[in-house]
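Structural overview
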Amino acid sequence: MSKSIPQSKPRVVTTKTVMDMKRTGEKITMLTAYDFLVARLLDQVGIDIILVGDSLSNVVQGNVTTLPVTLDDMIYHANAVKRAVKNALIVVDMPFMTYQNNKEEAVRNAGRIMKEVGVGAVKLEGGEYIAETVQHLVKIGIPVMGHLGLMPQAINKYGTYEVRATEKTEADQLLRDAKVLADAGAFALVLEKIPGKLARKVTESISIPTIGIGAGRHCDGQVLVVYDMLGMTEEFKPRFVRRYGELAETMRGAFRQYIHDVKSNDFPSNDESY
Ligand code: KIV
């Protein structure tokens, strides 16, 4: 498949590059990574942004929600990603309860990510109520990506992972939140699981790029969780995930073959021995 696809030329991506891409109309590509090898592959093929998402709570740690992952966990995985990346912009999610309390705590925790990993930006979920924190982080030199729509850290408030902002009141609030975050200095905004029409309206109303996940084609860029698009999270099948591989089946096949080869004394062969 990849043979006919033009190669993206690797270039060093900064928050400025990402903001310029909105102006030039070039779509922004973002995928998650939590370890060295996947991050290296993404970087090699010219991904624009690598997100060390707090989805690592689900897909790496096996938790039901994103709430349990800690700042230390995020820093550990972000460091592995950072060692692999030469070009992409790395963004790290701030986990639940590391920035919501007050801006001093947010600065201390975001500061740890910046000092102990040295990435390009942090991502925070929330609207108007975190605008002051966003403004403060940006003022002291910590770039912020916002996140609106379905905010998984608020799952206990919603009680469901269904599409958000289908009602006018929530949609109007989301549009206000987006404008406030842009005014506060966020350099980009993730829009998760909202109607495509609303995502388009937000995208056309703010000067910073929107990056959609389940938010339709009119966003300035797209993001997916890497294991979803690789087909490793087989039971997770929302319509917004396009599968670019069936790695779960491929890996099971390889593991089965290995078990067979060892049991039957086929592996290792003489050529594979010293
Ligand atoms: O944690 C994550 O992977 C995310 C993306 C789904 C945007 O926030």
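Please read all numbers here as calculations on a predicted model, not as lab measurements.

A word on the site of the ligand. The local shell around the ligand consists of Thr32, Leu51, Gly53, Asp54, Ser55, Asp93, Lys123, His147, Ile213 and Val225. Taking aspartate 54, its side chain carries an N or O atom lying 3.0 Å from an oxygen atom of the ligand. A distance of 2.9 Å separates an oxygen atom of the ligand from a polar side-chain atom of lysine 123. Against a free-state accessible area of 260 Å², the protein chains account for coverage of 95% of the ligand. Partitioned by chemical class, the residues of the shell around the ligand number 3 nonpolar, 4 polar and 3 charged.

Its domain assignment divides the protein into domain 1 (15–243) and domain 2 (247–274). Between the C-alpha centres of domain 1 and domain 2 there is a distance of 39 Å. Tallying the contact residues gives 4 residues for domain 1 and 5 residues for domain 2. Here domain 1 packs against domain 2, burying approximately 350 Å² in sum over the two surfaces, 58% of which is carbon and sulfur. When the area that domain 1 buries against domain 2 is broken down by residue, the three leading residues are Leu230, Met232 and Glu234, summing to 90%. Summed over the shared surface of domain 1 and domain 2, the number is 1 salt bridge. For arginine 252, the salt bridge goes to glutamate 234, with nearest N and O atoms at 2.7 Å. Where domain 1 meets domain 2, there are 3 residue pairs in polar contact (both at pLDDT 80 or more). Among the residues making up the side of domain 1 that touches domain 2, the classes are represented as 2 nonpolar, 1 polar and 1 charged.

Moving on: the sheet that holds strand β5 (residues 144–149). Adjacent strands of a sheet form backbone hydrogen bonds with each other and so pair up, either parallel or antiparallel. Around the barrel, 8 strands lie side by side as β1-β2-β3-β4-β5-β6-β7-β8; this closed barrel has parallel pairing. With strand direction ignored, the average angle separating the axes of adjacent strands in the sheet is 25°. Direction of pairing for strand β4 (residues 121–125) relative to β5: parallel, over a ladder of 4 bridges. What sits directly across from lysine 123, in β5, is methionine 145.

Before going further, it helps to examine the nonpolar core. Counting residues in hydrophobic clusters, the biggest one holds 62 residues, and the most contacted among them are Ile50, Leu124, Leu189, Leu191 and Val202. Among the elements that make up this core, the one with the highest residue count is helix α8 (residues 168–184) (7 residues). Apart from the residues within four sequence positions on either side, leucine 124 is in contact with Met94, Tyr99, Ile130, Thr133, Val134, Leu137, Val144, Met145, Gly146 and His147. Judged by nonpolar contacts, the second largest core, of 17 residues, contains Val13, Val91, Met145 and Val190.

Definitions and limits used
- Residues numbered from 1 in each chain as written.
- Predicted model: local features only at pLDDT ≥ 70, side-chain atom pairs only at ≥ 80, totals over all residues.
- Heavy atoms only, no water.
- Near = heavy atom within 4 Å.
- Polar contact = N/O pair within 3.5 Å; in protein donor to acceptor, adjacent residues only side chain to side chain.
- Areas by Shrake-Rupley, 256 points an atom, 1.4 Å probe, with all protein chains shown as cover.
- Nonpolar A, V, L, I, M, F, W, Y, C, P; charged D, E, K, R; others polar.
- Domains from an automatic or database assignment.
- Contact = heavy atoms within 4.5 Å.
- Buried area = accessible area lost by both parts, 1.4 Å probe.
- Salt bridge = Lys/Arg side-chain N within 4 Å of Asp/Glu carboxyl O.
- Pairing = 2+ DSSP bridges.
- Helix = DSSP H or I, 4+ residues; strand = E, 2+ residues; numbered from the N terminus.
- Axes fitted to C-alpha atoms, helices over the stretch in contact; angles between N-to-C directions.
- Core = buried A, V, L, I, M, F, W, Y, C linked by side-chain atoms within 4.5 Å.
- Buried < 20%, exposed > 50% of the residue type's maximum accessible area, 1.4 Å probe, protein only.

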